[in-house]
Each structure stands twice: as C-alpha cells, then as structure tokens.
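Residues per chain are reported as follows:
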Amino acid sequence: MATGGLSIIQTMLSKLPQSEQKLAEYILQNPHEVVNSTVQELSTSAQTSGAAVIRLCKSLGIKGFQDLKIRIAGDLMKTVEQGYRDIEPSESLYRIVEKTTSNSIQTIRDTSEIIDHDNLKHAITLMLNAKTVHFCGVGASNIVAADAQQKLLRINKGATAFTDMHLVATLIANADENDIVFAISFSGETPEVVNILKLAKERGVKTIGLTHYGQTAVSSLCDATLFTSYSNEAPFRSAATSSRLAQLYMIDILFLGMASEQYEETVQYIDNTRTAIKSMTDRYK
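Draft legend 1. Summary view of the nonpolar core. Among the nonpolar cores identified, the biggest contains 28 residues, and Met-127, Phe-135, Phe-182, Leu-226 and Leu-254 are the most heavily contacted of them. At the level of secondary structure, the elements contributing two or more residues to this core comprise α8 (117–129), β1 (132–137), α9 (140–154), β3 (180–184), β4 (206–212), β5 (224–228) and α13 (239–261). Setting aside residues no more than four positions away along its own chain, Phe-182 makes contact with Met-127, Val-133, His-134, Phe-135, Cys-136, Ile-208, Leu-210, Leu-226, Ile-251 and Leu-254. If you look at the next biggest cluster of nonpolar residues, it comprises 25 residues, including Ala-52, Cys-57, Leu-60 and Ile-72.

Draft legend 2. Up close: the sheet that holds β5. Spatial strand order, β2-β1-β3-β4-β5: five strands in an open sheet with parallel pairing. One side of each edge strand has no neighbouring strand; the edge strands of this open sheet are β2 (158–160) and β5. The average angle at which neighbouring strand axes cross in this sheet is 15°, direction not considered. Relative to β4, β3 is paired through five bridges, and the arrangement is parallel.

Draft legend 3. Structural view of helix α5 (residues 50–59). Turning to α5, its buried residues number three or more, namely Ala-52, Val-53, Leu-56 and Cys-57. Projected onto a plane normal to the axis of α5, the buried residues spread over an arc of 140° and lie on a single side. Those residues of α5 that are buried lie in contact with α2 (18–29), α4 (39–45) and α6 (65–76). Gly-61 sits one or two positions beyond α5 and adopts a positive phi of about 75°.

Draft legend 4. The arrangement of the packing of helix α1 (residues 5–12) against α6 in detail. At a minimum axis separation of 6 Å, α1 and α6 run at an interaxial angle of 100°. As judged from the angle between their axes, α1 and α6 are roughly perpendicular. Along its contact with α1, which presents Gly-5, Leu-6, Ser-7, Ile-8 and Ile-9, the element α6 presents Leu-68, Arg-71, Ile-72 and Asp-75. Partitioning the contact of α1 with α6 into residue classes produces five nonpolar, two polar and two charged.

Draft legend 5. Up close: unusual backbone geometry. Of note, the phi angle at Gln-47 is positive, near 55°, even though the residue is not glycine. Looking at where Gln-47 falls in the secondary structure, it is placed in the loop between α4 and α5.

Draft legend 6. Fine view of the packing of aromatic side chains. What the rule picks out here adds up to two aromatic pairs. Consider the rings of Phe-135 and Phe-182, whose centres lie 5.0 Å apart with planes at 40°: the pair is tilted. Taken together, the positions of Phe-135 in strand β1 and Phe-182 in strand β3 put the pair 47 residues apart, joining distant regions of the chain. Residue Phe-135 shares its accessibility class with Phe-182, and that shared class is buried.

The rules we used
Each chain has its residues counted from 1, following the order in which its sequence is written. Restriction of local features to residues with pLDDT of at least 70 applies here, the model being predicted, together with a cutoff of 80 or more for giving and counting side-chain atom pairs; totals for whole chains, interfaces and linings are based on all residues. To get the side-chain values, all heavy atoms of the structure are used, and hydrogens and water are removed first. Each nonpolar core is a collection of buried residues, namely Ala, Val, Leu, Ile, Met, Phe, Trp, Tyr and Cys, held together in the definition by side-chain atoms within 4.5 Å. Per-residue accessibility, obtained with a 1.4 Å probe over protein chains only, is compared with the maximum for each type, and a residue is labelled buried under 20%, exposed over 50%, and partly exposed between these values. Helix and strand definitions here come from DSSP, where helices need a minimum of 4 consecutive H or I residues and strands a minimum of 2 consecutive E residues; each element is numbered from the N-terminal end. By definition in these notes, contact holds between two residues if any of their heavy atoms fall within 4.5 Å. Note on pairing: two strands pair once DSSP finds at least 2 bridges between them. To get an axis, a line is fitted to the C-alpha atoms, and for a helix only the part in contact is used. The angle between two axes follows their N-to-C directions and goes from 0 to 180 degrees. The arc in question is the one traced by the directions running from the helix axis out to the C-beta atoms. Should an angle lie under 35 degrees it is considered roughly parallel, over 145 roughly antiparallel, and from 65 to 115 roughly perpendicular; all remaining angles are considered oblique. Note that Gly is not counted as nonpolar here; it falls among the polar residues with everything else outside the nonpolar set of Ala, Val, Leu, Ile, Met, Phe, Trp, Tyr, Cys and Pro and the charged set of Asp, Glu, Lys and Arg. Here the aromatic set is Phe, Tyr and Trp, taking the six-membered ring for Trp, and pairing holds for ring centres within 6.5 Å; pairs whose planes are under 30 degrees apart are stacked, those over 60 apart are edge-to-face, and all others are tilted.

Put into structure tokens, the structure is as follows:
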C-alpha cells in the first residue's frame, strides 16, 4: 500500500535543497491541481523545470511523478487531520488531556503514512533469524530499547538493551554471526549510537535502525531502516513524548509481525511466561 505523498513531503520539506523546497511547497498548497497535471504542467505552474520534478521525487524516495500523484490522490480522499497543538500557559487539565490525545494520535498516524512495507518485512525476517538482538539507544530511546528487549525475551528470543555503550561495544566485539544490532535514535545522529553501528559494520554484524524519516547517519549504516515521522514539532513535544510514542508504535508492529510469522510458538512462549510470572506472585500471597 502506498504511503501518503503529502505526509512524506511535509516530513522531508526542511531537508530538501532550496530549489526543490519551492516545488514541494507549491505541491502542498495545490494538491488537487497536482493530481490532474503532467510533469510539464506542474513545472510551468510552479515556475520550475521538469527535471526539478523528477529530482524531487527521487529526494522523496518515490518512484516517479505518477507514483507521487497516486499517493497525493489517496491523501485527498482522507479526512482532514487536526495537526499538532502545543500547550499554553495556565492551560486547563481538560485541554491538556485533549491536546495530548490529539497529538498522540497524530504522531502515530503520521508514522503509519511513511511505513515502507517491504523494508518492514525485511526487518522482521532479520529479527526472526537472529540469535540475539542487541538494542541500542540513549536517553528516551533507551526506554524504547528496554521495551523491545522485554517483548523479545517473552517469546524466547535473545535480546539485550544496555545503557552502557562500552558494554554494548563489548557484546558486539564478541557477537555471533547471526546477532543483530538494533539502533534507536530519533535524530539519527546520536554519536554513541552511530559509533556502535560503525563497530557492528566493521565486525560484519547485521544492523537495523529506527529513526526519523530521511537520510541520516543511522539509516546509512543499517541493513534495514524503519522510520518514524519527522513533523514540525511544538516546543513541548520533546523526544520524551512524540518520538518515543512513535518508536514504541513501530516496536509493537515489529513484535506483532514476528508473532504472526511464528504464531503457535509465540502463543506458547507467552503462556509459559505468564504462568511463570503468576507462580512468582503467588509465592508472596
């Protein structure tokens, strides 16, 4: 299924070359016109060249102008989205709840729009075949790494999620050929995470990345990369809120994708862990 063309443009807008930004902004302002235009008609209306249209599609990671039109047409069939809203001084709790809920739904929706299903399937296959998955993240991303580790351990898949990068480096130095390093970084430029990925590549260890949409140091070093949205964020929507929620959402999708591929085994493993946890709690009653 094609992901939203307008969502991808909004996500990539600030990263595009200036000549392509002008064209991208025109498309965002005139989406209905774009779906009924040829390359030449769009380039004339936007006062740019046909080559610029082709370059923009390439920068967006879209196959071509026809593919872009199909994606935009799909966007136009959807309901208008609210967008992100920041809190204000002395905001009532009612409004904070309302805005937080709206923003949470928006970040998940935006991320769902840019999921590459082929790349997702590749990541799931890598993880299913892995002996151990070493999750690596700093700050709020480490919370996501710990959540991912807990999920995999419950289905009998080896997993680590250490905060000490020296310890992570030690693990990679002795990693099995079937191990995977799973790097989590919203910016895609976290120095510690980038260095861990470089070490993994040197050691021939397969890598998966979870970062924001677009070209980053993390995505350039990974065998498979999963993306979260990179919308213009309000000041209070820090890494501890929006990006963390989108990352957790992607980890859930990965986990459920793995579970679907090995359904019977997963059910049995989860039943086993549930029984073990219950027996532990029963001991203290």
